[in-house]
Amino acid sequence: MLSFLLFILGSLITFVISQDCTPYSSSYDFSSGYPNIWEKPTSDNFNTDEFQQVYNSIDWSQVPDIQPHTVVNGDIDQSNYPDDDPDCWWTYNQCSSPNAPGVQPDVTICPEPETWGLTYDDGPNCAHNTFYDFLKENDQNATMFFIGSNVANWPKEAKRALTDGHHICCHTWSHQYMTSLTNEEVVGELYYALKAIKTVIGVTPLCWRPPYGDVDDRVRAIAQQLNLPMTVLWNLDTNDWDMEPDGSETSDQIDSNFQSFVDMGTDGTFANSGCIVLEHELNNGTMSKAMEWYPKIVNAYQYVVPIATCMNVTQPYAESDYSYPSFTDYTGTN
Ligand SMILES: [Zn+2]
């Protein structure tokens, strides 16, 4: 009897905790016209008129001929890559100034001094309402790098980002190492993520962030031609993505990472230009850390802003009827 009661109690607790994350039906149909959720696009996707039109809209003479890297045991293989970094491969040496002509440099910092560029990757998270409530209560917007597969699974949560005024950027369809993909796969990862965001949220981002920061001149050139002129990296990584229990760093280690970045807000590190910090809405652990450290960040830095704001992008989406405040407007400075 007791064990039965414990079973019921356990089920109840599990239900309460996972309630937000129970798949629900929506008016959006992702069963066709998209790759499988959390899978790379395949020939099923490539052999469609829709995809061919997108693929053929790219001027491939402007895309450097770089062979895809291989992934070994879940890691991108850097052996045999030349020391002089011909492809400006961020993974190899954090190169962000392309060698290929006409390719835009990555955005890695906020140009304004004493400014923290606030970014959260890998959403929308199915259980992010507490976190988004927190940001709202603090009148704080951030740049959200959304994964297309998560947008497909959690459309209500995706829409909330726009309603709350956050700045939405693309974080690919299924979160692969982009430099390991064929040209068709790169196009598919970006195109279908943008399509999902447009379908569900109603806007088309002009910015994206490569998963793991894995980008080179080939991938940048393709993204740029898909109307993603802004590739956003970071110059400070909290390593929250690698936190226990799923990762290898302890909670204390993540705290000390945050603390050192908070210290940089008052020790003159960013006297001339600011930072862009990598954080995640990946799970309850990363969202809790984000909320715990936010007040200290705001105390230490003069400005805490989304990337559109720090880059003075007032039209963050392809749709021209949506505008965003400039840095001056957002911060009330002039
Ligand atoms: Zn990511």
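All of these numbers come straight from a predicted model, not from anything done at the bench.

When its secondary structure is counted, the protein chain shows 13 helices and ten strands. Compactness check: the protein chain gives a C-alpha radius of gyration of 20 Å against a globular reference of 20 Å for 334 residues, within 12% of the reference. In terms of principal-axis extent, the alpha carbons of the protein chain reach across some 70 × 50 × 45 Å. The proportion of buried residues among the 334 residues of the protein chain is 43%. Sequence-distant contacts, at least 24 apart, represent 74% of the contacts inside the protein chain between residues at least 6 apart.

In this section: the UniProt feature "domain: NodB homology" (unreviewed entry) in the protein chain. What UniProt calls "domain: NodB homology" (unreviewed entry) maps, in this numbering, to residues 114–310. End-to-end, the C-alpha atoms of residues 114–310 are 11 Å apart, and along that stretch the chain is 44% helix and 16% strand.

So, on to unusual backbone geometry. In this model, Gly123 is joined to Pro124 through a cis peptide bond whose omega is -5°. Take Pro124: it is sitting in the loop between strand S3 (115–123) and helix H5 (129–137). Of note, the bond from Glu244 into Pro245 is cis; its omega dihedral lies within 30 degrees of zero at 5°. Although it is not a glycine, Asp122 adopts a positive phi angle of roughly 80°. With respect to the secondary-structure elements, Asp122 resides in strand S3. The exposure class of Asp122 is buried, given the 21 C-beta atoms found within 10 Å. In this structure, Asn312 is a non-glycine residue whose phi angle is positive, near 55°. Assessed through the 15 C-beta atoms surrounding it within 10 Å, Asn312 is described here as partly exposed.

Its place among the elements puts Phe145 in strand S4 (residues 143–146). Look at Phe145 and you get buried, because 27 C-beta atoms sit within 10 Å. Spatially, the C-alpha atom of Phe145 lies 20 Å from that of Tyr303, the residues being 158 residues apart in sequence. Among all residues touching Phe145, those that are not within four sequence positions of it are Thr119, Asp121, Cys169, His171 and Arg209.

Moving on, we get to the confidence of the model for the protein chain. A low pLDDT means the predicted coordinates there should not be read in detail. Averaged over the protein chain, the pLDDT score is 94; the fraction of residues at 70 or greater is 94%. Throughout residues 1–18 the model reports pLDDT below 50, and contacts reaching past four residues in sequence, or to other chains, amount to zero contacts.

Contact geometry for helix H3 (residues 49–56) and helix H8 (residues 183–201): axes closest at 11 Å, N-to-C directions at 110°. Considering their axes alone, H3 and H8 lie roughly perpendicular with respect to each other. In this structure, H3 uses Phe51, Val54 and Tyr55 to contact H8, whose residues at the interface are Glu184, Val187, Gly188 and Tyr191. The class makeup of the residues in the contact of H3 with H8 is five nonpolar, one polar and one charged.

Parameters and conventions
Residues numbered from 1 in each chain as written. Predicted model: local features only at pLDDT ≥ 70, side-chain atom pairs only at ≥ 80, totals over all residues. Helix = DSSP H or I, 4+ residues; strand = E, 2+ residues; numbered from the N terminus. Rg over C-alpha atoms; globule rule 2.2 N^0.38 Å. Buried ≥ 20, exposed ≤ 12 C-beta atoms within 10 Å, placed from the backbone. Contact = placed C-beta atoms within 7 Å. UniProt positions renumbered as here; feature names shortened; annotations may be inferred. pLDDT = per-residue confidence, 0-100. Axes fitted to C-alpha atoms, helices over the stretch in contact; angles between N-to-C directions. Parallel < 35°, antiparallel > 145°, perpendicular 65-115°, else oblique. Nonpolar A, V, L, I, M, F, W, Y, C, P; charged D, E, K, R; others polar.

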